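# Breakdown of the fold
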Amino acid sequence: MKKIIVLMMAMMATMSVNAQYLNDPKTPFTQGKYYVSAAASGLDLNYSKSSEWSLNLEAKAGLLFLDNWMVLGVFDYNNVSNGSLVTTDLGLGARFYIEQNGIYLGAIAKYAHSTGFNDFQPEAHIGYAFFLNRHVTLEPEVYYKHSFKDNDYSGFGLRIGFGYFF
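So, here's what we can say about the structure.

Scoring rules and cut-offs
Residues numbered from 1 in each chain as written. Predicted model: local features only at pLDDT ≥ 70, side-chain atom pairs only at ≥ 80, totals over all residues. Heavy atoms only, no water. Buried < 20%, exposed > 50% of the residue type's maximum accessible area, 1.4 Å probe, protein only. Helix = DSSP H or I, 4+ residues; strand = E, 2+ residues; numbered from the N terminus. Pairing = 2+ DSSP bridges. Lys, Arg positive; Asp, Glu negative; His and termini not counted. Salt bridge = Lys/Arg side-chain N within 4 Å of Asp/Glu carboxyl O. Contact = heavy atoms within 4.5 Å. Core = buried A, V, L, I, M, F, W, Y, C linked by side-chain atoms within 4.5 Å. Phe/Tyr/Trp six-rings, centres within 6.5 Å; stacked < 30°, edge-to-face > 60°. Lys NZ or Arg CZ within 6 Å of the ring centre and 35° of its normal.

Of the two faces of strand β7 (residues 117–128), only the one carrying Phe 117, Asp 119, Gln 121, Glu 123, His 125 and Gly 127 is buried; Asn 118, Phe 120, Pro 122, Ala 124, Ile 126 and Tyr 128 on the other face are not. Note that strand β6 (residues 103–114) and β7 share twelve bridges and pair antiparallel. Bridge pairing links His 113 to Asn 118 in β7. Remark: two residues form the turn of the hairpin made by β6 and β7, two consecutive strands paired antiparallel; Gly 116 in that turn has positive phi of roughly 75°. Two elements, β7 and strand β9 (residues 136–145), share five bridges in a ladder whose sense is antiparallel. The residue of β9 that forms the bridge with Glu 123 is Lys 145.

Positive phi outside glycine occurs at Asn 68, with the angle close to 70°. If you trace the backbone, Asn 68 turns up in the loop between β3 (54–66) and β4 (69–80).

Tracing the chain through its elements places Asp 89 in strand β5 (residues 85–98). One buried charged residue, Asp 89, remains without a salt bridge, the closest side chain of opposite sign being Lys 145 at 4.6 Å. Excluding its chain neighbours within four sequence positions, the residues that come into contact with Asp 89 are Val 74, Phe 75, Asp 76, Asn 78, Lys 110, Tyr 111, Ala 112, His 113 and Gln 121.

On to the nonpolar core, then. Counting ten residues, the largest nonpolar core is built from Phe 29, Tyr 35, Leu 64, Met 70, Leu 72, Tyr 97, Tyr 104, Ala 129, Phe 131 and Phe 165. Once residues within four sequence positions are removed from consideration, Phe 29 is found in contact with Leu 64, Leu 66, Asp 67, Asn 68, Tyr 97, Glu 99, Gly 102, Ala 129, Phe 131 and Phe 165.

Enumeration over the complete set of coordinates arrives at ten salt bridges. A salt bridge links Arg 95 to Glu 139, with the nearest nitrogen and oxygen atoms 3.9 Å apart. One end of the pair, Arg 95, is in strand β5; the other, Glu 139, is in strand β9, and 44 residues separate them in sequence. Judged by relative accessible area, which is 0%, Arg 95 ranks as buried. Given the relative accessible area of 4%, Glu 139 is considered buried. Among the ionic pairs, Arg 95 bridges to Glu 141, the shortest N-O distance being 3.7 Å. Of this pair, Arg 95 sits in strand β5 while Glu 141 is found in strand β9, placing the two residues 46 residues apart along the sequence.

So, about the packing of aromatic side chains. For the structure on display, the rule yields twelve aromatic pairs. Between the aromatic rings of Phe 29 and Phe 165, the centroid separation amounts to 5.7 Å while the plane-to-plane angle is 70°, which identifies the pairing as edge-to-face. Within this pair, whereas Phe 29 is found in the loop between α1 (2–23) and β1 (34–42), its partner Phe 165 is found in strand β10 (residues 155–165), the two being separated by 136 residues in sequence. Accessibility expressed as a relative area gives 3% for Phe 29, which makes it buried. Of the residues examined, Phe 165 reaches a relative accessible area of 1% and is grouped as buried. Seen in terms of ring centroids, Phe 131 and Phe 165 are 5.7 Å apart; in terms of plane orientation they differ by 35°. Their pairing is tilted. With Phe 131 in strand β8 (residues 130–131) and Phe 165 in strand β10, the pair connects residues that are 34 residues apart, well separated along the chain. Directly above the ring of Tyr 104 sits Arg 95, whose terminal nitrogen or CZ lies 3.9 Å from the centroid. The ring of Tyr 143 is capped by Arg 159, whose NZ or CZ atom sits 4.1 Å from the centre of that ring.

Spelled out as structure tokens, the structure:
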């Protein structure tokens, strides 16, 4: 019973933190704010024909150049099928926040590189910025990545990360 009460109190506190933005005329997605993020994918959270197992670690940095519009720089580390292919990706993209509810839509153009492997991999994603406090977000997102080199490296998945707005 104590666990249920503590869980309900935590949920109510989290909802009140998110509700503070509904009454705040200056939303968290205003022009001029900076953003950094770290995320992980893989570990059976994604699907690609090229592998049964993969690990993806991602770092993002961004700037809200207009209200609700962000430009992003991305760096990825990918380990596919226990080391059979290890790539690093660099990318540039944009994200649009639907201000009322925290849902965002994004697209990133990525260049994947490894020894003997170079590929252009555009990505589209949709996610939700769930504010834990005024600056920190929990960001689950669903993505699709397309490979122009080999369709076996195309795939979709779930990525979970933390973001920081300042």
